[in-house]
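What follows is the residue order along each chain.
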Amino acid sequence: MDFEHESPEDGGTASHLVSGAMAGMAEHVAMYPVDTIKTRMQVFSTAPSSERPLGVLGMARAIVRHEGVLRLLHGAPVVALGAAPAHALYFAVYERAKRAYSAAAPAGSIWETVSFSAAGATATMAADAIMTPAETIKQRLQVKGSRYASILHCAGDVLRSEGLRAFFRSYPTTLMMNVPTAGVHFAVYEYTSRFLVPVFESPLPGQLCAGAFAGAVAAAVTTPLDVAKTRLQTQGAGGDVSVRYTGLVQTLKAVVSESGLRGLSLGLVPRVLFFAPAGAIAWATYETMKRLTRHWSDAI
């Protein structure tokens, strides 16, 4: 198999940091309204069935009708601020880890694919230490009835009432979700891009398709863990303190008790709708920026 279309390591760490930051901001800001809908669907499952909007479009219409279209973007600045440094670190660590892990793996072998997966898992452990507090604030701003007027209001109130630990309460669950998600995502992207990129005259369409496919597959298989993470991060934000979630297993049991096994797939459609185009946007932005900054020296 011919892999000559793959470039050698373009640029250095500085290039990877800047390209990753741009990719993170582009991905999260562009897809933020869909993420708001996903969060609402996962949190709304605790409401009486007669009060729940039906489906993705039903939830979107309900938000716009009762709270205004700008509510779909409430909290977007915090995710942009968190996504830039987190994704800069994410892609920079991934490039370093991929280079190290795949050094001894034959090109095109299963072991090379495994090395891509391991590199993605390594990268997400570093990036999530930055993104988890930002995600906690973002999701508390997204839920219906949120008592927070701004990012600073939310951050200050959570710090005073729940302590610093509240910002990282979902970090173990986030890692349990994002490590396998990243492992699947990077392996699928690296593998499929090798076939798709040469099909087109320029690399961009192939990167868009590979990124979308990788995002969709990774998102679908980890939706139950995302439901648990969202419940842990948003508990009490809408004023309901009757249910307390303490950990991954307890939260999953509570979800099944409340909504049955179907509850574990809450938000599946908007999650896939988010991660498919998000993957396309992120990879296309990253690869394009990396080509533009390939001349930057690896001084970092």
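These numbers were taken from a predicted model, which means no experiment stands behind them.

Explain the confidence of the model for the protein chain residue by residue, including any values.
Across the protein chain, the average pLDDT comes to 84, with 89% of residues at 70 or higher. When pLDDT is averaged over each helix and strand of the protein chain, the minimum, 81, is found for helix α2 (residues 32-43) and the maximum, 94, for helix α8 (residues 203-221). This stretch, residues 1-9, has a pLDDT under 50; its non-local contacts, to residues over four places away or in other chains, come to 14 contacts.

An account of the environment of D128 is needed here, citing residue identities and associated values.
Relative to the helices and strands, D128 resides in helix α5 (residues 110-142). The buried category is assigned to D128, whose relative accessible area is 7%. Linking D128 and A83, residues 45 residues apart in sequence, is a C-alpha distance of 9.8 Å. In this structure D128 touches P133, Y171, T174, L175 and N178, once residues within four positions along its chain are discounted.

Describe in detail a nonpolar patch on the surface, supporting the description with residues and values.
A surface patch of nonpolar side chains, amounting to about 300 Å² of accessible area, comprises V18, M22, M25 and W296. Here M22 lies in helix α1 (residues 13-30). Exposure remark for M22: the relative accessible area of 37% places this residue in the partly exposed category.

Account for empty space enclosed by the protein, with residues named and values stated.
For the structure on display, the rule yields one cavity of 30 Å³ or more. By volume, the largest cavity is sized at about 620 Å³. As for the largest cavity, its lining consists of 37 residues, and the residues nearest its centre are E27, H28, H87, N178 and F275. Of all the elements in the fold, those that place two or more residues in the lining of the largest cavity are α1, α2, α4 (76-101), α5, α7 (171-196), α8, α9 (223-234) and α11 (268-292).

Summarise the packing of aromatic side chains; cite the residues concerned and give the values.
Enumeration according to the criterion identifies eleven aromatic pairs in this entry. Between the aromatic rings of F91 and W283, the centroid separation amounts to 5.5 Å while the plane-to-plane angle is 85°, which identifies the pairing as edge-to-face. Taken together, the residues F91 in helix α4 and W283 in helix α11 connect sequence positions 192 residues apart. As far as the burial class goes, F91 and W283 line up, both buried. Between F186 and W283, the aromatic rings sit 5.4 Å apart at their centres with planes inclined by 85°, giving edge-to-face as the arrangement. Note that F186 is positioned in helix α7 and W283 in helix α11, a separation of 97 residues in sequence. As far as burial versus exposure is concerned, F186 and W283 are alike and both buried. One aromatic cluster in this structure is built from Y90, F91, Y94, F186, Y189, W283 and Y286.

So what's going on with the packing of α7 against α9? Which residues, and what values?
In contact at an axis separation of 9 Å, α7 and α9 are set at 160° when each is read in the N-to-C sense. Taken as axis vectors, α7 and α9 run roughly antiparallel relative to one another. Read as a crossing pair, α7 and α9 show a hand that is left-handed. Facing α7, whose interface residues are T173, T174, M176 and M177, α9 presents L225, D226, A228, K229, L232 and Q233. Split into classes, the residues belonging to the contact of α7 with α9 amount to five nonpolar, three polar and two charged.

Procedures and definitions
- Residues numbered from 1 in each chain as written.
- Predicted model: local features only at pLDDT ≥ 70, side-chain atom pairs only at ≥ 80, totals over all residues.
- Heavy atoms only, no water.
- pLDDT = per-residue confidence, 0-100.
- Helix = DSSP H or I, 4+ residues; strand = E, 2+ residues; numbered from the N terminus.
- Contact = heavy atoms within 4.5 Å.
- Buried < 20%, exposed > 50% of the residue type's maximum accessible area, 1.4 Å probe, protein only.
- Patch = residues over 30% accessible without salt bridge, like charges linked within 9 Å, V, L, I, M, F, W, Y side chains within 5 Å.
- Areas by Shrake-Rupley, 256 points an atom, 1.4 Å probe, with all protein chains shown as cover.
- Salt bridge = Lys/Arg side-chain N within 4 Å of Asp/Glu carboxyl O.
- 1 Å grid on protein atoms, 1.4 Å probe; cavity = no way out; pocket = protein on both sides within 12 Å on 5 of 7 lines; lining within 4 Å.
- Points joined across faces, edges and corners; volume = space filled by probe spheres on them.
- Phe/Tyr/Trp six-rings, centres within 6.5 Å; stacked < 30°, edge-to-face > 60°.
- Axes fitted to C-alpha atoms, helices over the stretch in contact; angles between N-to-C directions.
- Parallel < 35°, antiparallel > 145°, perpendicular 65-115°, else oblique.
- Left-handed = near helix turned anticlockwise from the far one by under 90°.
- Nonpolar A, V, L, I, M, F, W, Y, C, P; charged D, E, K, R; others polar.

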